[in-house]
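# Chain and residue survey
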Amino acid sequence: KDPETGDEKWEPKGNSSEAPIVVAATKVGLDQGVTKDYPRVLEIPFSSSRKMMLTVSDVSGRDWLCAGGMALPPNTSLLSVCKGAPNFILDYCTEQLLEDGSSAPLTEQDKQHVLEIVDKYSSRALRVLAIAVRTFEEMPFDTTSEDITTDQKFEACRSNLRLMGLVASIDPDRDGVPESVLAARGAGIRVVMITGDYLKTAIAIAHNVNILQAQDDEAISAVDCARLRPNGEYLAHSEMDVMTSSVRVFARAKPEDKLEIVKSLQRQGFVTAMTGDGVNDAPALNQANIGVAMGIQGTEVAKGASDMILTDDNFCSIVRAVEKGRVIYSGIQKFVAFIMSVHIAEVMQIFFCIVTGIPVMRTPLQILFLILVTDLPPSIALGMEPGESTVLLERPRPKDEPVVLNWMWMSMVMNGAVLSAVIIVVYMISLAFYCEGRILQSDIDRLDGFESKLMDARTVAFISLVWAENVRSYTSRSFDQPVWRNVLGNVHMQKAIVMAQICLYVAVLVPFFSDQILQLRGVAIGITGWLLALIGPVGTLVLCEAAKLITAFQVQNYQADLARRHDAEDKRLAEAARRHQESSTSGGEAQKKAASFGGPAKPPSFSKAASAKSAPANFDGAIVPDNVEEGAKVKGKFATSSVSCFGRGPKLQFVCGVGIAQE
């Protein structure tokens, strides 16, 4: 039942190519009992290399395949059904089934007409399969022999086929995939589709999910994988690298093509991630820098060869993972920047006191308390930042880039200096107030009860520093955005600050622990001391936000520099691809001219002058479920093709080879 409407709907299980055929069969009146009426005696599963599958069923004792169906020759006992890519199926077809149930020879013109129909459906993002049959009186091979291979059985059953027609089905895009592809592209991630589908189908699907966009040249951005191995052998590395650097759609791919594509991108310095689900994907998954196996449809072999498993088989999860990874990395940078800035401030304060001859601002035990109790919780909270909304708009960082960049070091020093300056001012005012106007150690030592007076001044500086560091933890949530932007967005930060404040008041107000152990007197300083301590956080807030203007300018320059490098690299790759395309085109023209003078010629092609009359009527009426909801609720999901992610030096690119197989 549909959870929203309560209506009962069919939900076919299994492969995304098989499910629509089951739906179509149900629409024309076939039920699941057909499998009992025609028992299957042989099945040769689909292979990505031969692009077909084949079954042999027992039809003995029948003159017709079904009521109103194809007539069976006398003594027919077996029916071979071959289903797969139309261009592969047509190579083995010698006959065609006509609308009246009779058969006729399948000419080259007929084949060309069929391929034109395939092109028409494929350009609408329909996955087109051809179905052909052959009848036998007995198996065309020795069924008792154990030496005969599956390929030999397949070859024996696939010859002299009769073309029955075409089945076209659509793979609806999974919710969120087009948006995720756009998000990936905006993040500097290149998404590439590697699929076994027909080229026009792949291009149409790629447009639907934004892998190909209006500005992309299809002649350069989408290729048939046969171009990778024009003479049966793969191109030289230099030519292969030029092609893979710009192509976004690889169609009619074989398993070995995926491996060669990954190797090519790695030769160019790209970091590659490859997703797959089949046994044949295992080599590419193992070769990639990050192999990602499908958790639902993936085979155990694919999972074993991969580095991680995608539990929901959803491309959107990959993009979310990239975003989360960037957020975590940014959180680490903020954690380091905060903890280093407050420690730099501690060193500066102690150094200033020693050099100028004023009493050291705090005792070793107070310093340890600050580090473990009041500094650590906010820094951990910074590492758990939810991330900024623009994180996917940032350009990917270079592979060899350090965690702490030059502009971050400058930011840490500036903020450490600000924190030091503010607290030193508070401390010197406190010394002058509590120590009768004296601030030097030698002068204070002459006062009666100077220990208590010095303890009061240190208490004010201690309170002011904790407050200032808490304010600094909020300003550290972003390197370039103002503190009031989503100020309460990190729940963990609120918890950390509350913890730090509780520890502060315990440290300065609890008798014995405060005055005897930590040497702090929160009660003795009076209201004046607490008001003096407010100078620290207020000054820190104002000055750190002012320093952030400088940091924001540096961040903009850094991102602009990354963008310039990326754009320059994109232009270089685009120009190389354009030159390669022009070279290939000119080579093809030269070959044509050579052929006209008796030189090497291209393989013969089909004539375009097709006779619609001689073609089977059911071609133009290929089964296309116009409303799948009538027969089944079809859900989008990733299926057999693979997704790869590529990243390179300063540029992380993400390549996804999906048939975005929606079932």
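So, how was this worked out
Residues numbered from 1 in each chain as written. Predicted model: local features only at pLDDT ≥ 70, side-chain atom pairs only at ≥ 80, totals over all residues. Heavy atoms only, no water. Phe/Tyr/Trp six-rings, centres within 6.5 Å; stacked < 30°, edge-to-face > 60°. Lys NZ or Arg CZ within 6 Å of the ring centre and 35° of its normal. Axes fitted to C-alpha atoms, helices over the stretch in contact; angles between N-to-C directions. Helix = DSSP H or I, 4+ residues; strand = E, 2+ residues; numbered from the N terminus. Parallel < 35°, antiparallel > 145°, perpendicular 65-115°, else oblique. Contact = heavy atoms within 4.5 Å. Nonpolar A, V, L, I, M, F, W, Y, C, P; charged D, E, K, R; others polar. Core = buried A, V, L, I, M, F, W, Y, C linked by side-chain atoms within 4.5 Å. Buried < 20%, exposed > 50% of the residue type's maximum accessible area, 1.4 Å probe, protein only. Left-handed = near helix turned anticlockwise from the far one by under 90°.

## A look at the packing of aromatic side chains
Here the structure, examined in full by the defined rule, presents seven aromatic pairs. Considering the side-chain rings of Phe433 and Tyr434, the 4.9 Å spacing of their centres and the 90° angle between planes classify their relative orientation as edge-to-face. Among the aromatic residues, ring-to-ring pairing joins Phe369, Phe462 and Phe513 into one connected group. Taking the ring centre of Tyr38 as reference, the NZ or CZ of Arg62 above it sits at 4.3 Å.

## Focus: the packing of helix H9 (residues 237–244) against helix H10 (residues 255–267)
At a closest axis distance of 9 Å, the pairing of H9 and H10 adopts a crossing angle of 90°. Classed by the angle they form, the pair H9 and H10 counts as roughly perpendicular. Here His237, Met240, Asp241 and Thr244 of H9 lie close against H10, whose contacting residues are Glu260, Ile261, Ser264, Leu265 and Arg267. Residues belonging to the contact of H9 with H10 are distributed by class as follows: three nonpolar, three polar and three charged.

## A word on the nonpolar core
Here is a general trend for soluble globular proteins: nonpolar side chains tend to be buried in one another's company. The biggest cluster of nonpolar side chains holds 46 residues, and the ones touching the most others in it are Tyr427, Leu431, Phe462 and Ile463. For this core, the secondary-structure elements that each account for two or more residues are helix H13 (315–356), helix H14 (364–382), helix H15 (406–434), helix H17 (450–475), helix H18 (491–509) and helix H20 (526–533). The element that contributes the greatest number of residues to this core is H17, accounting for eleven residues. Those residues in contact with Phe462 that sit more than four places away from it in its chain are Gln366, Phe369, Leu370, Leu504, Val508 and Leu520.

## Quick look at the side chain of Ser57
As for its placement among the helices and strands, Ser57 is situated in strand S2 (residues 52–58). Of the residues examined, Ser57 reaches a relative accessible area of 12% and is grouped as buried. Non-local contacts of Ser57, meaning those with residues more than four positions away in its chain, are made with Tyr38, Pro39, Arg40, Val41, Ser77, Leu78 and Leu79.

## Looking at the packing of H15 against H17
At a minimum axis distance of 9 Å, the contact between H15 and H17 shows a crossing angle of 155°. Relative to H17, the element H15 lies roughly antiparallel. The crossing of H15 and H17 is right-handed. Between H15, through Asn415, Leu419, Ile423, Val426, Tyr427, Ser430, Leu431 and Tyr434, and H17, the contact on the second element is made entirely by Lys453, Leu454, Asp456, Ala457, Arg458, Val460, Ala461, Ser464, Leu465, Ala468, Glu469 and Arg472.

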